[in-house]
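Here is what each chain is made of, one letter per residue.
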Amino acid sequence: MAVRQIREMGDDVLTKECRPVKEMTPHIAELIDDMFETMYDANGVGLAAPQVGVLKRIVVIDVGGEESEPLCLINPVITEKDGEQTGYEGCLSVPGKTGTVTRPMHVVCRALNRDMKEIEVEGTELLARAICHELDHLDGKLYVELVEGELLDTSSDDEE
Ligand code: ZN
């Protein structure tokens, strides 16, 4: 496993449509392992394949907490969404920034897991937000397009 370089806003790869995964290969299995390692290394809660420069429909998500588990979603599609939540959002590809985004409060997502078995994942609050955010990456969209008001700088303690 290896930490891969995270592509940042301005990189063309983040604006492209990703291709579906047809079959699991050792190459893709390695990519998924690396995506988890890269996400944890950067203290993120989600990462999409284009963020490491690969145009495939794969995302990994781990929002932490006792109720949740690490998720690998391949060719994911949101099949239901309802409610609304408005809150701050950030992205590993847009370091040092945050902005207010309104997302559904609850989503249901159908995808393939690492074993290419069909799964259905249901998420509320942070997990619903993470699923919507990561799936947008697969269509070349960044959250900054959805920000209400200004994109803000995140202040860190050592900058004070
Ligand atoms: Zn992102």
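Conventions and cut-offs
- Residues numbered from 1 in each chain as written.
- Predicted model: local features only at pLDDT ≥ 70, side-chain atom pairs only at ≥ 80, totals over all residues.
- Heavy atoms only, no water.
- Pairing = 2+ DSSP bridges.
- Helix = DSSP H or I, 4+ residues; strand = E, 2+ residues; numbered from the N terminus.
- Axes fitted to C-alpha atoms, helices over the stretch in contact; angles between N-to-C directions.
- Contact = heavy atoms within 4.5 Å.
- Salt bridge = Lys/Arg side-chain N within 4 Å of Asp/Glu carboxyl O.
- Buried < 20%, exposed > 50% of the residue type's maximum accessible area, 1.4 Å probe, protein only.
- 1 Å grid on protein atoms, 1.4 Å probe; cavity = no way out; pocket = protein on both sides within 12 Å on 5 of 7 lines; lining within 4 Å.
- Points joined across faces, edges and corners; volume = space filled by probe spheres on them.
- Nonpolar A, V, L, I, M, F, W, Y, C, P; charged D, E, K, R; others polar.

> So what's going on with the sheet that holds strand β4 (residues 85–89)? Which residues, and what values?
In a beta sheet, neighbouring strands are held together by backbone hydrogen bonds and run either parallel or antiparallel to one another. One open sheet holds the three strands; their spatial order is β4-β5-β8, and the pairing between them is antiparallel. Of all strands in the sheet, those with a lone pairing partner are β4 and β8 (148–153), marking the two edges. Averaged over all pairs of adjacent strands, the angle between strand axes in this sheet comes to 25 degrees, irrespective of strand direction. Sheet topology places strand β5 (residues 97–103) next to β8; three bridges connect them, and they run antiparallel. Paired with T98 across the strands is L152, a residue of β8. Across the face of the sheet, helix α2 (residues 125–138) comes into contact with β4 and β5 while running at roughly 65 degrees to β4.

> Break down the pattern of salt bridges for me, with residues and values.
Counted according to the given criterion, the structure contains nine salt bridges. A salt bridge links R7 to D11, with the nearest nitrogen and oxygen atoms 3.1 Å apart. Owing to a relative accessible area of 24%, D11 belongs among the partly exposed residues under this scheme. Measuring nitrogen to oxygen at the nearest pair gives 3.0 Å for the salt bridge that ties D139 to R57. You can see D139 sitting in the loop between α2 and β8 and its partner R57 sitting in the loop between β1 (46–48) and β2 (58–61), a full 82 residues away along the chain.

> Describe the layout of surface pockets, with residues and values.
For the largest pocket, the calculated volume is near 360 Å³. Forming the walls of the largest pocket are 21 residues, and the residues nearest its centre are G44, V45, G90, C91 and L92. The element contributing the most residues to the lining of the largest pocket is α2, with six residues. Across the lining of the largest pocket, the residue classes break down as eight nonpolar, nine polar and four charged. Taken as a whole, the second largest pocket spans an internal volume of roughly 160 Å³.

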